[in-house]
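Each chain is listed here by its residues.
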Amino acid sequence: MRFLKKKMGIRSLNKRKAALLGILVIALIAWIIWGNTTVGTTYYSVESDRIPPSFNHFKIIVISDMHNALFGEDNESIINLVEKEKPDLIAITGDLVDSNRTNIEIAGKLVENLMKIAPCYYVTGNHEAWLGEEYKKLESILIEKEVTILNDEVVMLANGSDQIQIAGLNDPDFVDRVPYVQRGILQTKLSDMDLTNDYIVLLSHRPETFDAYVAKNIDLVLSGHAHGGQFRIPIIGGLIAPNQGFFPKYDAGMYCEKSTTMIVSRGIGNSIITLRLNNRPEIVCVELIGNS
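Cut-offs applied
Residues numbered from 1 in each chain as written. Predicted model: local features only at pLDDT ≥ 70, side-chain atom pairs only at ≥ 80, totals over all residues. Heavy atoms only, no water. Core = buried A, V, L, I, M, F, W, Y, C linked by side-chain atoms within 4.5 Å. Buried < 20%, exposed > 50% of the residue type's maximum accessible area, 1.4 Å probe, protein only. Helix = DSSP H or I, 4+ residues; strand = E, 2+ residues; numbered from the N terminus. Contact = heavy atoms within 4.5 Å. Patch = residues over 30% accessible without salt bridge, like charges linked within 9 Å, V, L, I, M, F, W, Y side chains within 5 Å. Areas by Shrake-Rupley, 256 points an atom, 1.4 Å probe, with all protein chains shown as cover. Salt bridge = Lys/Arg side-chain N within 4 Å of Asp/Glu carboxyl O. Right-handed = clockwise from strand over helix to strand, strands pointing away. Pairing = 2+ DSSP bridges. Expected span 1.5 Å × (residues − 1). Polar contact = N/O pair within 3.5 Å; in protein donor to acceptor, adjacent residues only side chain to side chain. Axes fitted to C-alpha atoms, helices over the stretch in contact; angles between N-to-C directions. Phe/Tyr/Trp six-rings, centres within 6.5 Å; stacked < 30°, edge-to-face > 60°.

This brings us to the nonpolar core. In terms of nonpolar packing, the biggest core is built from 31 residues, with Ile63, Leu96 and Leu138 touching the most fellow members. Here the element with the most residues in this core is helix H3 (residues 104-115); it accounts for five residues. Each residue touching Leu138, except ones within four places of it in the same chain, is listed here: Leu96, Val97, Ile104, Ala107, Tyr122, Glu128 and Leu131.

Let us look at the environment of Phe210. Structurally, Phe210 is set in helix H7 (residues 210-215). Taking the relative accessible area as the measure of exposure, Phe210 reaches 2% and is therefore buried.

Here the focus is a nonpolar patch on the surface. Together, Ile233, Ile235, Ile236, Phe246 and Phe247 line one region of the surface with nonpolar side chains, adding up to about 610 Å² of accessible area. With respect to the element layout, Ile236 can be found in the loop between strand E10 (232-233) and strand E11 (237-238). Note on Ile236: relative accessible area 56%, which makes it exposed.

Quick look at the pairing of strand E3 (residues 89-93) now. Among the five residues of E3, five are classified as buried, and the element is accordingly described as predominantly covered. Handedness of the strand E2 (residues 58-63)-helix H2 (residues 76-85)-E3 crossover: right-handed. The sheet contact formed by E3 and strand E4 (residues 120-123) spans four bridges and is parallel. Opposite Ile90, over in E4, you have Cys120 as the bridge partner.

If you trace the backbone, Glu128 turns up in helix H4 (residues 126-129). Contact partners of Glu128, with chain neighbours within four places excluded, come to Gly94, Asp95, Leu96, Val97, Tyr122, Tyr135, Leu138 and Phe174.

One turn of the α-helix equals 3.6 residues, which is why residues spaced by three or four share an orientation. Between its first and last C-alpha, H3 extends 16 Å over twelve residues, near the 16 Å set by a 1.5 Å rise per residue. Every buried residue belonging to H3 is among Ile104, Ala107, Gly108, Leu110, Val111, Asn113 and Leu114, and all of these are buried. Contacts from the buried residues of H3 go to E2, H2, E3, E4 and helix H5 (134-144). Capping of H3 at its N-terminal end is provided by Asn103; its side-chain oxygen lies 3.2 Å from the backbone amide nitrogen of Glu105.

Attention now goes to the sheet that holds strand E14 (residues 253-257). Within the open sheet, the six strands sit side by side as E6-E7-E8-E9-E15-E14. Their pairing is mixed. Both outer strands of the open sheet, strand E6 (153-159) and E14, are each paired with one neighbouring strand and no more. The mean angle between the axes of side-by-side strands here comes to 20°, regardless of whether they run parallel or antiparallel. With four bridges joining them, strand E7 (residues 162-168) and strand E8 (residues 200-203) adopt parallel strand pairing.

This next bit is on the packing of aromatic side chains. One pass over the full model with this rule turns up five aromatic pairs. Taking the centre distance of 5.6 Å and the plane angle of 65° together, the rings of Tyr135 and Phe174 count as edge-to-face. In this pair, Tyr135 is assigned in helix H5 and Phe174 in the loop between E7 and helix H6 (179-192), connecting sequence segments 39 residues apart. On the basis of relative accessibility, which here comes to 8%, the residue Tyr135 falls in the buried class. Here Tyr250 and Tyr255 contribute two aromatic rings whose centre-to-centre distance is 5.1 Å and whose plane-to-plane angle is 85°, an arrangement assigned as edge-to-face. With respect to class, Tyr250 is no different from Tyr255; both count as buried.

Once that is clear, we can look at the sheet that holds strand E16 (residues 282-290). Here we have six strands laid out as an open sheet, ordered E1-E16-E2-E3-E4-E5, and mixed in their pairing. With one partner strand each, in any of the chains shown, strand E1 (40-48) and strand E5 (148-149) form the two edges of the open sheet. Direction of pairing for E2 relative to E3: parallel, over a ladder of four bridges. Considered in E3, the bridge of Ile60 is made with Leu89. Most of the contacts of H3 go to E3, to which it runs at about 160°, and overall it touches E2, E3 and E4.

Printed below as a string of structure tokens:
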């Protein structure tokens with residue numbers, strides 16, 4: 001009798017364990033689905049006494065690494081998130097399309113709707129560099145939609161009596177794919193830009209060349225490319241990123257060195273690896289805070 005009760009107790013315990021395991025598996029699957037089918041907003045404040053008074057609380061939305069992703073009809077989910085923030089400027093930091101499954105129509109419709117919210121400034125990513133002649137089609141649509149394409153150049157942005165610089169780097173894959181060569185390419189491009197002493201916001205797809213931006217005393221860099229490390233491990237961070245390999249140094253978030261701040265977006269879409277883990281797609285909202 002005692003043996004029978006003990007056996008029934010073990011069966012009951014095993015059932016509870018199996019039920020708990022089932023709940024955990026279902027919760028994990030739900031978490032992965034939610035983390036791959038929804039987009040969130042991540043907020044950063046960048047403080048500097050170099051930010052002029054008229055640009056205090058100036059708000060920039062960063063859209064990076066779309067890779068032709070669709071979240072709702074015509075990316076309605078993304079448009080609604082951006083619209084909610086009432087940005088002053090939208091920075092598109094490369095890989096708007098995916099070279100493996102290019103859909104320029106999706107990209108065109110997205111920028112058309114974003115331009116209704118705020119002026120858009122765009123730089124290329126490596127996937128635009130890999131498009132070949134097809135990039136010209138994308139470029140012509142962006143020009144038609146009146147997006148400002150920053151092709152290794154800088155423009156002045158005025159607000160009242162103050163101004164800041166918005167600069168953009170064309171992706172180095174248009175020239176060379178060797179990592180140490182690319183650092184030199186970007187440094188040369190920055191040296192050739194007609195930069196002034198005004199506060200500068202640089203759009204560049206590549207976070208791995210952070211040292212090149214620091215060397216040129218860039219105030220703020222907005223970047224992407226790393227996809228948040230694709231699979232994010234608590235405390236440790238991202239697992240793997242393009243051009244950085246395993247456990248990338250610059251996978252997502254804010255990085256500061258000397259007078260340079262860099263913000264790396266986890267991006268929105270995917271390319272070769274189509275699944276994210278603990279790495280929800282995001283738009284980034286950056287607010288400039290002047291200390292003067």
